[in-house]
Each structure stands twice: as structure tokens, then as C-alpha cells.
Amino acid sequence: MKPPILTIIMSTVISGTIMVLISSHWLTVWIGFEMNMLAIVPILMKKFNPRAMEASTKYFLTQATASMLLMLGIIINLLLTGQWAVLNMPNPIASNTMTVALAMKLGLSPFHFWVPEVTQGVPLSSGMILLTWQKIAPLSILYQISPSTNPNLLMTMAALSVLVGGWGGLNQTQLRKILAYSSIAHMGWMIAVTTYNPTLMMLNLAIYTMMTLGTFMLFMLNSSTTTLSLSHVWNKLPLTTSLILMIMLSLGGLPPLSGFIPKWMIIHELTKNNMIIMATFMAITALLNLYFYMRLTYATALTMFPSTNIMKMKWQFENTKNTTLLPPLIVISTMLLPLTPMMLSLF
């Protein structure tokens, strides 16, 4: 894709999300979602092949259905209240319809089927945008309507998402699918705490975004899309293996890494609100996620996979990919735990 065209399309994606973030009128929120959806499709089809085309079509159809449901919720709300204001949601039918629409946009279970398929069909850079930037707009709306949402509906979707996100990734060898299931599980954690403390959801989103960006950039650095290609990294970029080890364990939520902060805070918040069974269930299902991150870690950092290169000196051409953002992302993804009190005061 030519740079001027890419710039125009990316600016439309960004302005669509910003429009959703700053709007207090349902119609402009909906228009922002539509701008964002129509502009992301060409980015998903950046490498034009049948798989990318199929993935983009699946994404478009799902998001269009979600937009239609969102508009239905908006119209029900308008008919009953006569207002377009985002915060005014007294009717349960309207709020449930909108919650379901936003769950489809986020890829929460049971509306998660498109996430692994679409992520697997698109290039790594497009997958990165899909699993990070595209979550901001729906979550911001969920944040705003959280007082009027149905807690039972949210908790059911959260429990299912955490379970599906852990179970689905177990048998995968494709890195993009693993990250897609990881995304579903993280969304489940965010939705679980929305009812009790929506600001924690924002903290979780910020840390999840940093970790996922760092992971995708490490994979893009050595063009890895499968566990097999990742297992050869020790031979090309030895330092990358230890970085992948740290970032994977952080995604799994192990202390003393950054990924532990949101899990710790969410479990604390749930137990404070007498949701002990839910907190225990989520902590146990997080072990499923940790298992498939450990598999990647084992293949990358803990074993030296047989290699065809028998020379002791570096034999490849120098890597020319731009890695400006990688060091700060790695630091944020792994070393934020001591800053927890400051983040809690900010959020």
C-alpha cells in the first residue's frame, strides 16, 4: 500500500476512534464506529491475498451486525427517553442490546468466533492494530454506560470469555491465533470488573495494550508467525529469546511483572464485592493461558532448536526493521509493578 493512501486510511481509523471517545451524542458515536470500521478493512487487506480478503469480509460482516444492533439499542433508547445523550440509559432492553453489540465488537464470548479467524488471516501489523487500537472505542462506550448495564449479563460473558480464551489457545501453534485467544481472555478480565470499578478496566486495557504491542513487535522483528519459526530465533537474534520469555510471562500475569497488576487488582475488587467464586474461577482459568504462554517460552528460550547454521559467526544481513518503540514497550510490559500505588492513585 502506498504511503499517502496508508496515511489517509490510518488517520480515518484514528479520527473514528477519537470521535467515539469525545462524543456525548449517540449518533456521532455510531458515525465514529462506522468510520473506524470502513477504514480498517483496507488495512486488514494490506497484503492482498484470498485469506486476507476472507478475514476482512468476516470482520466487516461481524462489525456491521454489531453496528446494526447498536443502532437498534440507540433507537429504543430514543423512543423511550426522547434523548440522544450517551449517559441516559434507563431502559434495560436498550442497555442489554447495546451491551451485546459492544461485546460483538470486542469479540467477547459467545461472539468471539471471528477474532482468531480474522487475526490469523491478516498480516502481523494489521493484527496488532486489530487487537489493540480497535478495542479502545467499544470499551470507552462500555465505560460510559456501565452504571446502567446488566451485571449478570456482563459476568456471564466475562466467565465465558476467560474460559474460551484459555481453552482455545491450548492446542494452537499459530502465534496470531494464540494472541487472539489471549485477547479474548483479557477482554473477559476487563468486562468482569466493569460493574464494580470501570476505571480498573481502563488500567487493564492500558497494560494489555502495551504488552500486546510489545509481543507483536517482537514477532514482526523476526517475521515469526508459528511456534516453529519462533523456535529458530535463538540462532538469529539471541537477545530476543529472553525478551519473548519476559513478555510472555508478563502476559500470563506472573509477579513481579507488569501483567500481574491488573489481575491482582481485579481479583481484589471482586473479592471486596463478595464475588469470591468468580474470582477463584478466573484465577484458575488464568492458568490455562499461562500454560500456552509457557509453551511458547519453552520453544523459544528454554530449548536450542536444531539449526542448519553451523557457523559461530553472524551470517545474516543486518536487520533493517525500525525498532524505536520496542525498548520502551518492553520496559512498560515487564517493570511496572513497583509503580502500582501511583497507577491506583491515577486511575
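Our subject is the structure listed above.
In this report, we go over the structure that sits alongside the text. (Residues numbered from 1 in each chain as written. Predicted model: local features only at pLDDT ≥ 70, side-chain atom pairs only at ≥ 80, totals over all residues. Heavy atoms only, no water.)

**Focus: the overall build of the protein chain**
Note the cut-off: The way it works is that DSSP assigns letters per residue, a run of H or I at least four long becomes a helix, a run of E at least two long becomes a strand, and they are numbered from the N terminus. Note that the radius of gyration is over C-alpha atoms, with the globule rule given as 2.2 Å times the number of residues to the power 0.38. Type-normalised accessible area, obtained with a 1.4 Å probe on protein chains alone, sets the label of each residue: buried when under 20%, exposed when over 50%, and partly exposed for intermediate values. Pairs of residues are marked as contacts when any of their non-hydrogen atoms sit within 4.5 Å. The protein chains shown are the only cover counted for residues, whose accessible areas, like all others here, come from Shrake-Rupley with a 1.4 Å probe. Only four residue types enter the charge count: Lys and Arg as positive, Asp and Glu as negative, with His and the chain ends excluded. The location of each charge is read from NZ of Lys, CZ of Arg, CG of Asp or CD of Glu.
Across its full length, the protein chain carries 17 helices and zero strands. The globule rule puts the C-alpha radius of gyration for 347 residues at 20 Å, and the 20 Å found for the protein chain is close to it. Per-residue burial over the protein chain gives 51% buried out of 347 residues. Taking all contacts inside the protein chain whose residues are at least 6 apart in sequence as the whole, residues at least 24 apart take part in 77%. Counting only carbon and sulfur atoms, one obtains 73% of the accessible surface of the protein chain, whose full area is about 15,400 Å². Distance between charge centres in the protein chain, computed from 16 positive and 5 negative side chains, equals 8 Å.

**Some thoughts on helix α8 (residues 151-168)**
Note the following rule: Each residue after the first adds 1.5 Å to the expected span of a helix.
Across its 18 residues, α8 extends 25 Å between first and last C-alpha, which sits within 8% of the 26 Å expected from 1.5 Å per residue. Along α8, the residues that are buried comprise Leu154, Met155, Met157, Ala158, Ala159, Ser161, Val162, Gly165, Gly166 and Gly168. Taken together, the buried residues of α8 touch α4 (92-106), α9 (175-194), α14 (260-272) and α15 (276-302).

**Remarks on the packing of helix α1 (residues 3-22) against helix α7 (residues 133-145)**
Heads up, the rule is: Orientation is described by axes fitted as lines to C-alpha atoms, over the contacting stretch for helices, and by angles from 0 to 180 degrees between their N-to-C directions. Any angle that is under 35 degrees is reported as roughly parallel, and any over 145 degrees as roughly antiparallel; angles of 65 to 115 degrees are reported as roughly perpendicular and all others as oblique. Gly counts as polar in this scheme, as do all residues outside two lists: the nonpolar Ala, Val, Leu, Ile, Met, Phe, Trp, Tyr, Cys and Pro, and the charged Asp, Glu, Lys and Arg.
Where α1 contacts α7, the two axes come as close as 9 Å, and the packing angle between them is 10°. Relative to α7, α1 is oriented roughly parallel. Seen from α1, the contacting residues are Val13, Ile14, Thr17, Val20 and Leu21; seen from α7, they are Trp133, Gln134, Ile136, Ala137, Ser140, Ile141 and Gln144. The class makeup of the residues in the contact of α1 with α7 is eight nonpolar, four polar and no charged.

**Thoughts on the nonpolar core**
Stated formally: Buried Ala, Val, Leu, Ile, Met, Phe, Trp, Tyr and Cys residues that are joined via side-chain atoms within 4.5 Å together make up what is termed a nonpolar core.
Counting 91 residues, the largest nonpolar core has Trp26 and Leu139 as the members making the most contacts within it. Residues contacting Leu139, with those up to four places away along its chain left out, are Leu106, Met187, Met190, Ile191, Met201, Met202 and Leu205.

**Thoughts on α9**
With 20 residues, α9 extends 29 Å between its outermost C-alpha atoms, agreeing within 8% with the 28 Å of an ideal straight helix rising 1.5 Å per residue. The element α9 is extensively covered by neighbouring structure, given that 20 of its 20 residues are classed as buried.

**Concerning the packing of aromatic side chains**
Any aromatic ring pair is given by two values, namely how distant the centres are and how the planes are angled relative to each other. To keep things clear, this is the line we draw: Two aromatic rings from Phe, Tyr or Trp, using only the six-membered ring of Trp, form a pair when their centres are within 6.5 Å; if the ring planes differ by under 30 degrees the pair is stacked, by over 60 it is edge-to-face, and anything between is tilted.
According to the stated counting rule, one finds three aromatic pairs in the structure shown. Plain terms: the ring middles of Tyr59 and Trp114 are 5.4 Å apart, the flat faces sit at 65° to each other, and that makes the pair edge-to-face. Within this pair, whereas Tyr59 is found in helix α3 (residues 50-81), its partner Trp114 is found in helix α5 (residues 114-121), the two being separated by 55 residues in sequence. Neither residue differs from the other here; Tyr59 and Trp114 are each classed as buried.

Interpretation in functional terms is not warranted from these geometric data alone.
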